[in-house]
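In case you want the letters, here they are:
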Amino acid sequence: MTFPLRAGLAAALSLVAAPALAHAVLAVTQASPNQTYRGVVQIGHGCDGKATTGLTVTIPEGVIAAKPMPKAGWQLTTVKGAYARPYPSHHGAVSEGVKEIAWRGGSLPDDQYDEFVFQARLTDAVAPGGTVYFPVRQECDGAVVDWREVPAPGQSARDLKSPAPGVRIVTAAAPAGAAPAGSASIKAGDLTITAPWIRATPGGAKVAGGYLQVTNTGKEPDRLVSASIPLAARGEVHQMAMDKGVAKMAPVEAGLVIKSGETVVLKPGGYHLMFMDLTGPVKAGDTLDGTLTFARAGTVPVRFAVGAIGAAAPEAGGGHQHH
């Protein structure tokens, strides 16, 4: 799918007749929904021999949490605005953010090359099979090249005078080292992580429980510190225990220790992950890409299967109530 350019972006911008006079392209031309994208705008020429003195990147709809990388010798500015709709993020739903990034005041000679870098997150509004375009405005000592043209269906970008840099959207591959839903294990250094899953939640729920098994085959202990999924603002390790017949739950402040040679099971009614401040429901039958963070093994990508509400296991239908 493609995204319309911001209304009025082209106003008062001049175009050069020949695209060979300047080029603005993205180094990373493929990405997936619900993932962080590192945009690297490559500038290989000036404008008709003039040095590049400014570069502006427009962030399209469906791309959120844009953050520019400062560049020595250049003044960095951003313009914020409202999104067309709220989008879920790690910190809850967001309805506004950076819509434009500009680097100005530097000087990149026509015969030299440089890169301008930003980071952003592609949301589920971008679909595999489409292309997301990032319009770029290049300023060169008074001259301007506006790389904003988007090809029509069936048209090649090569046929355009000033094509906007584009990112092809593809289906996300399984995270490195992550097992598909229902498979046995994920290796992370000395740790083996088995069958991560999450209980589905009813509408309006703000927390979800996560479960898995971790085995430490190394000589040193490790600690499970936190976890994350896109739908939750944060994920903590919690413990549920009975105290005089009353179930009590509390966070494991320093993280859950996995001793050398030990297997630790996170399950309903005991140690578990608690995903909090959900921005939407966790739906049975889905899978959610997320991470587990360990003190020694670091951040490990995993794929959580989603079981039924109150399930004792991903495929089970009940037996324990959601807590």
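Heads up: these notes are all about the structure in this document. No experiment lies behind these values; they were computed from the predicted model shown. (Residues numbered from 1 in each chain as written. Predicted model: local features only at pLDDT ≥ 70, side-chain atom pairs only at ≥ 80, totals over all residues. Heavy atoms only, no water.)

## A word on the overall build of the chain
The test is simple: Where helices and strands are cited, they refer to DSSP runs of H or I of at least four residues and of E of at least two residues respectively, numbered from the N terminus. Burial status follows relative accessibility: with a 1.4 Å probe on protein chains alone, a residue under 20% of its type maximum counts as buried, one over 50% as exposed, and anything between as partly exposed. Pairs of residues are marked as contacts when any of their non-hydrogen atoms sit within 4.5 Å. Throughout, the Shrake-Rupley method with a 1.4 Å probe supplies accessible areas, and for residues the shown protein chains are the sole cover considered.
If you tally the helices and strands in the chain, you get zero helices and 23 strands. Each of the 323 residues in the chain was classed as buried or not, and the buried ones make up 43%. A fraction of 71% describes how many contacts in the chain between residues 6 or more apart in sequence connect residues 24 or more apart. By element, 53% of the accessible surface of the chain is carried by carbon and sulfur atoms, the whole surface being about 15,300 Å².

## Regarding the environment of Val 79
Looking at the secondary structure, you find Val 79 in strand β6 (residues 75-87). Note: C-alpha distance between Val 79 and Ala 102 (23 residues apart in sequence) is 8.5 Å.

## Notes on the sheet that holds strand β8 (residues 114-122)
As a reminder, the rule being used: Between any two strands, at least two bridges found by DSSP are needed for them to pair. Note on geometry: axes are lines fitted to C-alpha atoms, helical ones only across the stretch in contact, with angles between N-to-C directions running from 0 to 180 degrees.
With antiparallel pairing, four strands are arranged side by side in an open sheet as β1-β3-β8-β5. Two strands close off the open sheet at either side, each with one partner strand: β1 (24-26) and β5 (63-68). With strand direction ignored, the average angle separating the axes of adjacent strands in the sheet is 30°. As paired elements, β1 and strand β3 (residues 35-43) share three bridges and run antiparallel to each other. In the strand pairing of β3, Ala 24 is matched with Ile 43.

## Regarding the pairing of strand β4 (residues 52-58)
Across the seven residues of β4, seven count as buried, placing the element largely inside the fold. Sheet topology note: the β4/strand β10 (residues 136-140) ladder contains four bridges and is antiparallel. Note on β10: the bridge partner recorded for Leu 55 is Gln 138.

## Notes on the pattern of salt bridges
To keep things clear, this is the line we draw: The term salt bridge refers to a pairing of a side-chain nitrogen on Lys or Arg with a carboxyl oxygen on Asp or Glu at a separation within 4 Å.
Scanning the model with the defined rule gives eight salt bridges in all. As a salt-bridge pair, Arg 85 and Asp 124 come within 3.4 Å of each other at their nearest N and O atoms. Placement of Arg 85 in strand β6 and of Asp 124 in the loop between β8 and β9 (131-133) is noted, with a sequence separation of 39 residues between them. Overall, Arg 85 belongs to the partly exposed group, its relative accessible area being 36%. Classification of Asp 124 by relative accessible area gives partly exposed; the value is 46%.

## Some points on the state of the cysteines
Our working rule: Two cysteine sulfurs form what is called a disulfide whenever their separation falls within 2.5 Å.
Counted according to the given criterion, the structure contains one disulfide. Between the sulfur of Cys 47 and that of Cys 140 lies a disulfide, 2.1 Å long from S to S. Looking along the S-S bond of the Cys 47-Cys 140 disulfide, the torsion reads about 50°, which is the right-handed sense. With Cys 47 in the loop between β3 and β4 and Cys 140 in strand β10, this residue pair connects regions lying 93 residues apart in the sequence. Both residues of the pair, Cys 47 and Cys 140, count as buried.

## Details of the sheet that holds strand β7 (residues 94-108)
The five strands are arranged β6-β7-β4-β10-β11 in an open sheet whose pairing can be described as antiparallel. Looking at strand neighbours, the two that pair on one side only are β6 and β11 (143-147), the edges of this open sheet. The average undirected angle you get between the axes of adjacent strands in this sheet is 15°. Bridge analysis of β6 against β7 gives nine bridges, and the strand direction is antiparallel. What sits directly across from Gly 81, in β7, is Gly 97.

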